[in-house]
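# Observations on the model geometry
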Amino acid sequence: MNIILLGAPGAGKGTQAEIICERLSIPTISTGNIIREALKSGTEMGLKAKSFIEAGSLVPDEVVIGIIKERLAKGDCENGFILDGFPRTIPQAEALDKMGVVIDKVIDIEVTDESIVKRLSGRRVCEDCGASYHLEYKAPKVDGKCDKCNGTLVQRKDDHPDTVLSRLEVYHKETEPLKAYYEKQNKLVIVYGQDEVQDTTKLVLQALEA
Ligand code: AMP
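Read on for an overview of the structure. (Residues numbered from 1 in each chain as written. Predicted model: local features only at pLDDT ≥ 70, side-chain atom pairs only at ≥ 80, totals over all residues. Heavy atoms only, no water.)

## Let's talk about the overall build of the chain
- The number of helices and strands found in the chain is nine helices and eight strands.
- Its C-alpha atoms give the chain principal-axis dimensions of about 45 × 40 × 35 Å.
- For the chain, the proportion of its 210 residues judged to be buried stands at 46%.
- Of the contacts made within the chain by residues no fewer than 6 positions apart, 68% connect residues no fewer than 24 positions apart. (Helix = DSSP H or I, 4+ residues; strand = E, 2+ residues; numbered from the N terminus. Buried < 20%, exposed > 50% of the residue type's maximum accessible area, 1.4 Å probe, protein only. Contact = heavy atoms within 4.5 Å.)

See below:
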């Protein structure tokens, strides 16, 4: 099954993607993670993306479309995949269609802007493996350390309050129109994000089975 997870930054796409990935044994492709890796290792693409990601704006379409083309060509995507954070603009969605990628379901996780700001300010990620935590909702077992790899937990630069507001603005302007795009294709399912992760997961799994 080829799945797209839509939703504002901080709506919980990454966490839900991890769970679906385990259940269905299909890989999660997160353009944000791929770009952050490239930034860390100082590749040319990483350098190109740096100023955009740090300002909370979108990396140009041609860069992310290139990333996705390359990633989807890998063998592990043959039985399906979960796209987390792609597409984020109409031209990106059109590029997927043009590539002949058939999407089965688009799950849109809806969370209010107010909760997004609260969620992102408490989010911490592992510097080493990228696992995501929240100081209040999903605290690590040991303060500041990743449960999975014992790496150090840090706050993403783009989770700082000013950047969060511009990311939300970008989301409403550029990404939200994708709901209508996929609604027209009869692929959109809306899930309302709940306070407890497992409650949202239940709804997401129901949406996948429907
Ligand atoms: P994320 O981890 O999905 O919130 O992505 C972090 C940042 O990476 C975004 O704020 C963008 O700067 C960049 N990014 C990730 N995915 C995309 C995309 N599909 N289109 C443009 N920029 C992206």
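Now that the structure has been shown, the text picks up again.
## Side note on the site of the ligand
- By nearness alone, 16 residues border the ligand, and Thr-31, Ser-57, Gly-85, Arg-88 and Gln-92 come closest of all.
- One nitrogen or oxygen atom from the side chain of Gln-92 is found 2.9 Å from a nitrogen atom belonging to the ligand.
- The contact in question runs from an oxygen atom of the ligand to an N or O atom on the side chain of Arg-167, over 3.2 Å.
- A per-element tally of the shell around the ligand places helix H2 (residues 31–41) first, with four residues. (Near = heavy atom within 4 Å. Polar contact = N/O pair within 3.5 Å; in protein donor to acceptor, adjacent residues only side chain to side chain.)

## Digging into the side chain of Lys-179
- Residue placement: Lys-179 occurs in helix H8 (residues 177–184).
- Taking relative accessible area as the criterion, Lys-179 reaches 17% and is therefore assigned buried.
- Within the local environment of Lys-179, its side chain forms a polar contact with the side chain of Glu-110, the two groups lying 2.7 Å apart.
- With near-sequence residues (within four places) excluded, Lys-179 lies in contact with Leu-6, Asp-108, Glu-110, Tyr-171 and Leu-188.

## Notes on the side chain of Ser-30
- By the element assignment, Ser-30 lies in strand E2 (residues 28–30).
- Owing to a relative accessible area of 8%, Ser-30 belongs among the buried residues under this scheme.
- Polar side-chain contacts of Ser-30 include one of 2.9 Å to the backbone nitrogen of Asn-33.

## Digging into helix H6 (residues 113–121)
- By the burial criterion, the buried members of H6 are Ile-116, Arg-119 and Leu-120. Considered in projection along H6, the buried side chains sweep an arc of 90° and stay on one side of the axis.
- Looking at the packing, one finds that the buried side of H6 touches strand E5 (123–126), strand E6 (132–134) and helix H7 (161–175). (Arc of directions from axis to C-beta.)

## Notes on the packing of aromatic side chains
- Scanning the entire structure with this criterion turns up one aromatic pair.
- The ring of Tyr-133 has Lys-138 sitting right over it, with the charged end atom 5.6 Å from the ring centre. (Phe/Tyr/Trp six-rings, centres within 6.5 Å; stacked < 30°, edge-to-face > 60°. Lys NZ or Arg CZ within 6 Å of the ring centre and 35° of its normal.)

## Describing the nonpolar core
- Formed by 27 residues in total, the largest nonpolar core has its most connected members in Ile-4, Leu-72, Phe-81, Leu-83, Leu-96 and Tyr-182.
- For this core, the elements supplying multiple residues, two or more each, are strand E1 (2–7), helix H3 (44–55), helix H4 (61–72), strand E3 (81–84), helix H5 (90–98) and H8.
- What Tyr-182 contacts, discounting residues up to four positions off in sequence, is Ile-4, Pro-87, Ala-93, Leu-96, Val-106, Lys-187 and Leu-188.
- Within the second largest apolar cluster, 21 residues are counted, among which are Ile-26, Ile-116, Leu-205 and Ala-207. (Core = buried A, V, L, I, M, F, W, Y, C linked by side-chain atoms within 4.5 Å.)

## Re helix H9 (residues 197–209)
- The end-to-end C-alpha distance of H9 is 19 Å, a good match for the 18 Å that 13 residues give at a rise of 1.5 Å each.
- Within the sequence span of H9, burial applies to Thr-200, Thr-201, Val-204, Leu-205, Ala-207 and Leu-208. Each buried residue of H9 sits inside an arc of 155° when the element is viewed along its axis, so together they form one side. In this structure, H9 carries Gln-198, Lys-202 and Glu-209 as exposed residues pointing more than 90 degrees from its buried face. (Expected span 1.5 Å × (residues − 1).)

## Some words on the state of the cysteines
- Within the structure shown, the criterion is met by zero disulfides.
- Cys-77 supplies the cysteine sulfur nearest to Cys-21, a cysteine that is in no disulfide, at a spacing of 11 Å.
- The structure places no disulfide on Cys-129, whose sulfur is separated from the nearest cysteine sulfur, that of Cys-146, by 3.8 Å. (Disulfide = S-S within 2.5 Å.)

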